[in-house]
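Chain by chain, the residues:
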Amino acid sequence: MAKLIFLVAPLLVLVNVFNSHAGFAPNLIVDIAKIVIDNYCSPEKLAGMKEAIKAAGSNTEVLNIPDAETLANVLSAGVQTTVSDPRLMVSYEPNYVPVVAPKMPPLPPDQVIAILQTSIKLDILEGNIGYLRIDHILGEEVADKFGPLLLDLVWNKILPTSALIFDLRYTSSGDISGIPYIVSYFTDSESPIHIDTVYDRPSNTSTKLFSISALLGERYNITKPLVILTSKNTKGIAEDVAYCLQNLERATIVGEKTAGGSVKVDKIKVGDTDFYVTVPTAKSINPITGSTWEVTGVTPDVEVNAEDALATAIKILNLRAQVPAIIKGSAALIADNYAFEDIGADVAEKLKGLLANGEYSKVVSMDGLEVQLSADLKTLSGDKSLKTTSNTPALPPMDYSPEMLIELIKVSFQTDIYENNIGYLRFDMFGDFEEVKAIAQIIVEHVWNKVVHTDALIVDLRNNIGGPTTAIAGFCSYFFDADKQIVLDKLYDRPSRTTTELRTLPELTGSRYGSKKSLIMLTSRATAGAAEEFVYIMKKLGRAMIVGETTAGASHPPKTFAVGETGIFLGIPTVHSDTAAGPAWEGAGVAPHIPVPADAALETAKSIFNKHFAGQK
């Protein structure tokens, strides 16, 4: 009751504005409300209206507005506010003449052909891309009558194309019976698909629309890309077509959000007055989404201005034409170069399987393709380092002065001396051997010499994200004696099919820490790549105690490969550590001897050393 006082409250505000010399029939509001109740497509939104009609109709004051158009506007505002539907309108139109769609008279074939050629535009664009524009959705009657002509003049010219752009930017009218025909020509014929349900309020019936199994002519192959262009002028039945094909995942929508029209809107005369009620009498419910495009419109997959939609669609389709070569090229590179041969072969086959299953058929941009490809490679391999990458050239070496180098090194390393002469060393990335070699003396003087004479050392790698592994052998060597060379690891390089032994170096810059003094290494889930290789070696050889969290389980630094001339680049790990005694650290990470949260690792390590030294006193 309170809700439907819309037929009273909005008018009471205006009662005192108008004189009450002439009024309208007392049952006007009742008649309008009854039309809405009997014809509005969503009767569930009108609960309680019947009870409110009596109250509204008995209030004669609200009918004392002498101006019919003003009264109609006020009634419209009240109805729209209450039902929350801008399509409901009350109008005063004494000169209104109902529009009756003219029936097409019998025409000679040449005139029919001329009409069809004018109303339907088609073209074959570069790259064998078809273009089809229809400004009115033809219904079942026209399709049955002129089907053979439509096939010859339009459809058979579209069928051989490799992809299709279906332009609905100018389509604002159509027949609902045409929806199953259009959708069917772009979907599979194996079994009927429930594509829409239309509820008609006056007859209180629901009609399910299904795709058609038997069609005149051939269907457009479902493997061929379909792009639909839309604009804010795309309205009504055209919106239904776009919404169906979008949610069947058969088409990509490019352009503007559509008008948000209706399946069917009727203008109904109020009794013997000159008032009319415009009311949506039918509604569409999509069986996939359980929702509708009406009022809200169809949101495009790629939103651009209508005038840019065609160029954008062509760009998308040109990209999709490259996708098979990109995916197959990526698969071949992985199969030939990924560090673990069996995994690489498996990933390559599954990647081609995704392509065959249409997983890349909805790509709309190169960036989107790279993101999807990277995600798939990570899922298939479990390796976060196997992914698309950029081919950014290395920066030229900087010409640092000695003073600048010293300051840079001080910033890159952190050192400290704790109680009981416990040293602390932190660095967050490994450098390339040749780069480190050139400044080794500076590092020794300003970093290493501060901790080398401690009685125990904590090496903090909790924030070390890796880097090149070329300096690993050299850094490891500082923690072993010089009297014999030790094999630290055996690295297998997949592209060359060779194994290289990683050994300690006989000569170093500065003093060694040696193999006798205690060493604890701190790790976290962020510890990755080269840092993991370092931790793995020191743990495997029993040289260090590991405290913290299991490391990231990354890989040796990937190499960059170009996927043909496509502009896509892959980062592929090509080297793996020795697996003769079982899996190394790649994928699984290095588990600590003493697992503790990363933020507690330093205090835990200090406590271990302090207890050790206290026991010696």
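Below is a short write-up of the structure. (Residues numbered from 1 in each chain as written. Predicted model: local features only at pLDDT ≥ 70, side-chain atom pairs only at ≥ 80, totals over all residues. Heavy atoms only, no water.)

1. A look at the sheet that holds strand E18 (residues 487-493)
Next, step 1: Pairing is antiparallel across the open sheet formed by 3 strands, whose spatial order is E19-E18-E24. In this open sheet, the two edge strands, each paired with only one partner strand, are strand E19 (498-503) and strand E24 (575-576).
Next, step 2: Taken together, the 2 bridges between E18 and E24 define a ladder with antiparallel strand orientation. When the bridges of E24 are listed, aspartate 493 appears paired with valine 575.
Next, step 3: Across the sheet, helix H16 (residues 530-540) touches E18 and E19, and the angle it forms with E18 is around 135 degrees. (Pairing = 2+ DSSP bridges. Helix = DSSP H or I, 4+ residues; strand = E, 2+ residues; numbered from the N terminus. Contact = heavy atoms within 4.5 Å. Axes fitted to C-alpha atoms, helices over the stretch in contact; angles between N-to-C directions.)

2. Focus: unusual backbone geometry
Next, step 1: Unlike most non-glycine residues, asparagine 204 shows phi in positive territory, near 55 degrees.
Next, step 2: The residue asparagine 204 is located in the loop between strand E7 (194-200) and strand E8 (205-210) in this model.
Next, step 3: The class for asparagine 204 is exposed, based on a relative accessible area of 53%.
Next, step 4: Backbone geometry at valine 295 places phi at a positive 70 degrees, although glycine is not the residue there.
Next, step 5: Overall, valine 295 belongs to the partly exposed group, its relative accessible area being 37%. (Buried < 20%, exposed > 50% of the residue type's maximum accessible area, 1.4 Å probe, protein only.)

3. Some remarks on the pairing of strand E10 (residues 252-255)
Every regular strand shows the same layout, with side chains that alternate between the two sheet faces.
Next, step 1: With burial as the criterion, each face of E10 is covered, one bearing Thr252 and Val254 and the other bearing Ile253 and Gly255.
Next, step 2: The pairing of strand E9 (residues 226-230) with E10 spans 4 bridges and is parallel. Across the sheet, residue leucine 229 finds its bridge partner in E10, namely valine 254.
Next, step 3: Crossover E9 to E10 through helix H8 (residues 237-247) is right-handed.
Next, step 4: When E10 meets strand E13 (residues 302-303), the two strands line up parallel, connected through 2 bridges. (Right-handed = clockwise from strand over helix to strand, strands pointing away.)

4. Points about the packing of helix H9 (residues 309-337) against helix H11 (residues 366-381)
Next, step 1: At a minimum axis separation of 12 Å, H9 and H11 run at an interaxial angle of 30 degrees. Looking at the two axes, H9 sits roughly parallel to H11. Note that H9 runs across H11; the crossing there is right-handed. Contact with H9, carried on its side by Leu319, Val323, Ile326, Ile327, Ser330 and Ile334, involves Met366, Leu369, Leu373 and Leu377 of H11 and no other residues of that element.
Next, step 2: Of the residues in the contact of H9 with H11, the class split is 9 nonpolar, 1 polar and no charged. (Parallel < 35°, antiparallel > 145°, perpendicular 65-115°, else oblique. Left-handed = near helix turned anticlockwise from the far one by under 90°. Nonpolar A, V, L, I, M, F, W, Y, C, P; charged D, E, K, R; others polar.)

5. Here's the deal with the pairing of strand E15 (residues 413-418)
Next, step 1: As paired elements, E15 and strand E16 (residues 422-427) share 6 bridges and run antiparallel to each other. Note that in E16 the partner of tyrosine 418 across the bridge is isoleucine 422.
Next, step 2: Hairpin geometry of E15 and E16 is characterised by an intervening segment of 3 residues between the two adjacent antiparallel strands and by a positive phi of about 70 degrees at asparagine 420.

6. Points about the packing of helix H10 (residues 341-356) against H11
Next, step 1: The interhelical angle for the contact between H10 and H11, taken along N-to-C directions, is 130 degrees, at an axis separation of 10 Å. The angle between H10 and H11 places the two elements in the oblique class. H11 is crossed by H10, and the crossing has right-handed handedness. Within the contact between the two elements, H10 uses Ile343, Val347, Lys350, Leu351 and Leu354 and H11 uses Leu373, Asp376, Leu377, Leu380 and Ser381.
Next, step 2: The class makeup of the residues in the contact of H10 with H11 is 7 nonpolar, 1 polar and 2 charged.

7. What about the nonpolar core?
Soluble globular proteins tend to pack their nonpolar side chains together in the buried interior.
Next, step 1: One finds Trp448, Leu457, Val459, Phe479, Met521, Phe534 and Met538 to be the most contacted residues of the largest nonpolar core, which totals 41 residues.
Next, step 2: Elements supplying a minimum of two residues to this core: E16, helix H14 (440-451), strand E17 (456-460), helix H15 (472-477), E18, strand E20 (518-523) and H16.
Next, step 3: Ranked by residue count, the leading element in this core is H16, at 7 residues.
Next, step 4: If you look at the next biggest cluster of nonpolar residues, it comprises 40 residues, including Ala242, Ala251, Ile253 and Val263. (Core = buried A, V, L, I, M, F, W, Y, C linked by side-chain atoms within 4.5 Å.)

8. What to know about the environment of glutamate 501
Next, step 1: Its location among the elements puts glutamate 501 in strand E19.
Next, step 2: Among the residues examined, glutamate 501 registers a relative accessible area of 37% and is labelled partly exposed.
Next, step 3: Spatially, the C-alpha atom of glutamate 501 lies 7.5 Å from that of leucine 488, the residues being 13 residues apart in sequence.
Next, step 4: Setting aside residues up to four positions removed in sequence, glutamate 501 forms contacts with Val487, Asp489 and Lys490.
Next, step 5: Within the local environment of glutamate 501, its side chain forms a polar contact with the side chain of arginine 503, the two groups lying 2.5 Å apart. (Polar contact = N/O pair within 3.5 Å; in protein donor to acceptor, adjacent residues only side chain to side chain.)

9. Points about the sheet that holds E17
Remark on secondary structure: sheet strands pair via backbone hydrogen bonds, oriented parallel or antiparallel.
Next, step 1: Strand order across the open sheet formed by 6 strands is E15-E16-E17-E20-E21-E25, with mixed pairing between neighbours. Both edges of this open sheet fall to E15 and strand E25 (594-595), since each of them pairs with a single strand only.
Next, step 2: Sheet topology note: the strand E21 (residues 545-548)/E25 ladder contains 2 bridges and is parallel. The partner of glycine 548 across the bridge, within E25, is proline 595.
Next, step 3: With respect to the sheet, H14 is in contact with E15, E16 and E17, its orientation differing from that of E15 by roughly 30 degrees.

No statement about biological role is implied by the geometric values presented.
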